[in-house]
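One-letter residues, chain by chain:
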Amino acid sequence: MGDYLLGLDAGNTVIKAVIFDRKGKEIASAAAEGHSRMPYPGHVERDLDELWENARRVIRRCIDEAGIDAGELAAIGCAGHGNGLYALDHAGRPLLGIQSLDTRAAALVEEWTSQGVGDRTYPIGQQRPWPSQTPTLLSWMKRYRPEVFASIGTIFLCKDFIVNRLTGARVSDVSDMTGCGLLNVAGRHYDRELMAAYGLCESMDLLPPLVESAEIAGRITEAAAAGTGLAAGTPVVGGLFDVVASAIGSGVTRTGAASIIAGTWSINQVIIERPELQGPVFMSSTFDRDRYMAIESSATSAANLEWLVREFFSEVRSDGRSPFDLCCELASSSDPASDDPIYHPYLYGAQQDGSARAGFYGIAGWHTKGHLVRAVLEGVAFGHRQHIETMRKAGAAFDEAVLSGGGSRSLIWPQIFADVIGVPVSVAGSRETGALGAAIAAATGVGIFSDFAEGAAAMVKTERHYLPNRALEAHYARRYALYKDIADVMTPLWRRLSAMQAITAGVAA
């Protein structure tokens, strides 16, 4: 058996390939950024042929950089962003790639909320409908794009499409399918009553067979080997919902342990023994064959800083510093103050409100770029805090957390997280926790490790620790309360704006 493992991490924007040894050392990596199409307000789509081409190229580049024979790879695992809607047509050709940033179904969610649809779905799937959720998008397609809906042959998630291109298998893993609200969570199976609640009874046959995350789903085909440089026959496991992969790749594997991911999405999760808690949370996913992950999340995290950098700090600096480093330096140049601006991180809507929009509030003439950047960093952390409060009320409490994702690379942002959330925060040693978690699942699938915990113990390192500054506790409590109050006031205005955008999109269509 080979000494190396390949982990793939397919996000909303970037797909990465990373080769690790059995001790978690990164041997080589490669990444490619894809393009999103936004044909109408709220619509966020991608070209699946481009996604596969990017995957193929990064795998080949990664192998070449590692300087190893592809036959030395013991196994391959893939993680991918959850929800959205990926589909093949009846002939197995790429048909549809809707990303989890899409909010086109916001009005449908409001309609369903008034009809109590979530009261039917939550007891079974541990989720209420929300705009980017896979079954919600599928129902939207059925209602508004019936010709496309009729062409769907297989319903996938992002990483399932990559696994399909590598192996030819049309499968999905249990963690992703629970995370997108398509499974009976307690029973870990598809459920006709659940599909009926979404109005999708006829779609049962479109759901792929289920495998466990660390179960071998297929092997590299000759065609995939020719395109990627991989060795034909290399085993590929079912893979993971990327948030679960990132938890494993940051060393979060014990019951009660917490993982916070500051990536495109705000992910806040705790490993639990049973899927039901004392109160509702946004979703539950499986973690391994016996446990579950309570998850509170929304598309309100580091994508906000990415937007800020792209639109206002993208110029190349002569001193070699990255725009992200510059932003963090600017933010650290201003001390926290009571009159600092407030920022809402709703570039892609809020959790249950696709009409919510981002905004700065309270800007004055004496505020600088540094104040605005700090407001973005704090606003994202406030969004995480709101999710964490929901989990605590439901009984998923914790007293420390591991932070991963792009936001963890900053030297100032993890401290802001610790101060805003009020618990010690550690930062995972690997920057590629999703790919590392996928690699650990691959190693588990071929028997190198007995379970995720053994794999994480062997392959995961911790880099930094941050303690909350208790002197700022009252300061952040006041600002967080203001953050929520402004959102309450803005909600009806956001919905008026969303209704106007829907009219515009209807005219354009």
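Structure shown above.
Let me begin by describing the structure that accompanies this report.

### Things to note about the overall build of the protein chain
Part 1 of the argument: Secondary structure summary: the protein chain contains 17 helices and 23 strands in total.
Part 2 of the argument: A compact globule built from 509 residues would reach a C-alpha radius of gyration of about 23 Å, and the protein chain, at 22 Å, matches this within 12%.
Part 3 of the argument: With the principal axes as the frame, the protein chain shows a C-alpha extent of 65 × 50 × 45 Å.
Part 4 of the argument: With 509 residues in all, the protein chain has 61% of them scored as buried.
Part 5 of the argument: Counted over contacts in the protein chain with a minimum sequence separation of 6, partners at least 24 positions apart contribute 71%.
Part 6 of the argument: Total accessible area on the protein chain is roughly 19,200 Å²; 52% of this is exposed by carbon and sulfur atoms.
Part 7 of the argument: When the 46 basic and 58 acidic side-chain charges of the protein chain are each reduced to a single mean position, those positions are 2 Å apart.

### Things to note about the nonpolar core
Part 1 of the argument: Core analysis: the largest hydrophobic core is formed by 53 residues, its most contacted members being Leu377, Phe398, Trp413 and Phe417.
Part 2 of the argument: When sequence neighbours within four positions are dropped, the list of residues in contact with Trp413 reads Ala302, Leu305, Leu377, Val380 and Gly407.
Part 3 of the argument: Counting residues in hydrophobic clusters, the runner-up holds 47 residues, among them Ala74, Val252, Ala438 and Ala443.

### Some words on the pattern of salt bridges
Part 1 of the argument: Summed over the entire model, instances satisfying the criterion amount to 25 salt bridges.
Part 2 of the argument: Note that Glu276 and Arg274 form a salt bridge whose closest N and O atoms lie 3.4 Å from each other.
Part 3 of the argument: Residue classification places Arg274 among the exposed residues on the basis of a relative accessible area of 55%.
Part 4 of the argument: Here Arg464 and Glu463 are joined by a salt bridge, their closest N and O atoms 2.9 Å apart.
Part 5 of the argument: For Arg464, a relative accessible area of 17% translates into the label buried.
Part 6 of the argument: On the basis of relative accessibility, which here comes to 48%, the residue Glu463 falls in the partly exposed class.
Part 7 of the argument: Members of the salt-bridge network, linked through shared partners, are Arg37, Glu45, Asp47, Asp102 and Arg104.

### Points about the pairing of strand S9 (residues 152–156)
Part 1 of the argument: Most of S9 is tucked away: five of the five residues are buried.
Part 2 of the argument: Where strand S7 (residues 85–89) lies against S9, four bridges are found, and the strand directions are antiparallel. By the bridge assignment for S9, Leu88 is matched with Thr154.

### Regarding the packing of aromatic side chains
Part 1 of the argument: On inspection of all chains with the given rule, the structure shows 13 aromatic pairs.
Part 2 of the argument: When the ring of Phe382 is compared with that of Tyr480, the centres are 5.8 Å apart and the planes differ by 45°; the resulting orientation is tilted. Taken together, the residues span a long stretch of sequence, with Phe382 in helix H13 (residues 369–394) and Tyr480 in helix H17 (residues 473–508) at a distance of 98 residues.
Part 3 of the argument: Judged by centre distance (6.1 Å) and plane angle (50°), the ring pair of Trp413 and Phe417 falls under tilted. Of the two residues, Trp413 and Phe417 both sit in helix H14 (residues 413–421), four residues apart, roughly one turn of that helix. You'll find Trp413 and Phe417 in the same group, each marked buried.

### Structural notes on helix H6 (residues 158–167)
Side chains that are three or four residues apart share a direction in an α-helix, a result of its 3.6 residues per turn.
Part 1 of the argument: With nine of ten residues buried, H6 is to be regarded as a mostly interior element.
Part 2 of the argument: Of the residues making up H6, those classed as buried are Cys158, Lys159, Asp160, Phe161, Ile162, Val163, Asn164, Leu166 and Thr167.
Part 3 of the argument: Directly beyond the C-terminal end of H6, a positive phi value near 85° is found at Gly168.

### Quick notes on unusual backbone geometry
Part 1 of the argument: The phi dihedral of Asn83 is positive, around 60°, even though this residue is not glycine.
Part 2 of the argument: By the secondary structure assignment, Asn83 is in the loop between strand S6 (73–80) and S7.
Part 3 of the argument: Of the residues examined, Asn83 reaches a relative accessible area of 2% and is grouped as buried.
Part 4 of the argument: Although it is not a glycine, Arg188 adopts a positive phi angle of roughly 60°.
Part 5 of the argument: Relative to the elements of secondary structure, Arg188 occurs in the loop between helix H7 (174–179) and helix H8 (192–197).

### Some thoughts on the side chain of Thr228
Part 1 of the argument: Its location among the elements puts Thr228 in helix H9 (residues 222–228).
Part 2 of the argument: Taking relative accessible area as the criterion, Thr228 reaches 0% and is therefore assigned buried.
Part 3 of the argument: At 2.7 Å, the side chain of Thr228 and the backbone oxygen of Ala224 are in polar contact.
Part 4 of the argument: Contacts of Thr228, omitting those with residues within four sequence positions, involve Trp52, Arg56, Ile59, Arg60, Ile63 and Leu166.

### Looking at the packing of helix H10 (residues 242–249) against helix H15 (residues 433–445)
Part 1 of the argument: Viewed as axis vectors pointing N to C, H10 and H15 meet at an angle of 85°, and their least axial separation amounts to 7 Å. Of the possible angle classes, the one that applies to H10 and H15 is roughly perpendicular. Counted together, Ala245, Ser246, Ile248 and Gly249 of H10 and Thr433, Gly434, Leu436, Gly437, Ala438 and Ile440 of H15 form the full contact between these two elements.
Part 2 of the argument: Considering only residue class, the contact of H10 with H15 consists of five nonpolar, five polar and no charged.

### Here we look at helix H12 (residues 323–332)
Part 1 of the argument: Taken together, the buried positions of H12 are occupied by Leu326, Cys327, Cys328 and Ala331.
Part 2 of the argument: In this structure, the buried side of H12 is in contact with helix H11 (303–312) and H13.

### Some words on the sheet that holds strand S22 (residues 425–428)
Part 1 of the argument: As summarised here, the arrangement of the seven strands in space is S17-S18-S16-S15-S21-S22-S23, forming an open sheet in which the pairing is mixed. Strand pairing shows two members of the sheet lacking a second neighbour, strand S17 (283–286) and strand S23 (462–466), which therefore form its edges. Going from strand to strand, the sheet's axes swing by 25° on average, the running direction of each strand aside.
Part 2 of the argument: Bridging between S17 and strand S18 (residues 292–298) involves four bridges; their strand directions are antiparallel. Paired with Ser284 across the strands is Ala294, a residue of S18.

### Quick look at the side chain of Ser285
Part 1 of the argument: Mapped onto the secondary structure, Ser285 falls in strand S17.
Part 2 of the argument: According to the relative accessible area criterion, Ser285 is buried, its value standing at 0%.
Part 3 of the argument: Contact partners of Ser285, with chain neighbours within four places excluded, come to Ser175, Thr178, Gly179, Phe241, Val244, Tyr292, Met293 and Ile295.

Each value, and the rule that gives it
- Throughout this description, residue numbers start from 1 for each chain and increase along the sequence as written.
- With the structure being a predicted model, the display of local features is reserved for residues of pLDDT at least 70 and the display and counting of side-chain atom pairs for 80 or more, all residues being used for whole-chain, interface and lining totals.
- Only hydrogens and water are removed before side-chain values are computed, so all heavy atoms of the structure are retained for them.
- Counting from the N terminus, the helices are the DSSP runs of H or I reaching at least four residues and the strands are the DSSP runs of E reaching at least two.
- Here the radius of gyration uses the C-alpha set of atoms, whereas the globule reference equals 2.2 Å times the residue count to the power 0.38.
- Only protein chains enter the accessibility calculation, which uses a 1.4 Å probe; a residue whose area is less than 20% of its type maximum is buried, one above 50% is exposed, and one in between is partly exposed.
- When checking whether two residues touch, look at their non-hydrogen atoms; a contact exists if any pair is within 4.5 Å.
- Only the protein chains shown count as covering a residue, and every accessible area follows the Shrake-Rupley method with a 1.4 Å probe.
- Under the convention used here, Asp and Glu are negative, Lys and Arg are positive, and both His and the chain ends fall outside the count.
- A charged residue contributes its charge at one atom only: NZ of Lys, CZ of Arg, CG of Asp or CD of Glu.
- Buried residues of nine kinds, namely Ala, Val, Leu, Ile, Met, Phe, Trp, Tyr and Cys, make up a nonpolar core once their side-chain atoms join them within 4.5 Å.
- The salt bridge definition used is simple: a Lys or Arg side-chain nitrogen within 4 Å of an Asp or Glu carboxyl oxygen.
- Paired strands, in this sense, are two strands between which DSSP finds at least two bridges.
- Only centres within 6.5 Å qualify two rings of Phe, Tyr or Trp (six-membered ring in Trp) as a pair; their planes then separate them into stacked at under 30 degrees, edge-to-face at over 60, and tilted for everything else.
- Whenever a nitrogen or oxygen atom comes within 3.5 Å of another N or O atom, the pair is scored as a polar contact, on the condition that within protein one atom can donate a hydrogen and the other can accept it, and that pairs from neighbouring residues in sequence are kept only if both atoms are in side chains.
- Simply put, an axis is a line fit to the C-alpha atoms, just over the touching stretch for a helix, and the angle between two N-to-C directions goes from 0 to 180 degrees.
- These descriptions rest on fixed angle ranges, namely under 35 degrees for roughly parallel, over 145 for roughly antiparallel, 65 to 115 for roughly perpendicular, and the rest for oblique.
- In the scheme used here, Gly and all other residues not listed as nonpolar or charged are polar, with Ala, Val, Leu, Ile, Met, Phe, Trp, Tyr, Cys and Pro taken as nonpolar and Asp, Glu, Lys and Arg as charged.

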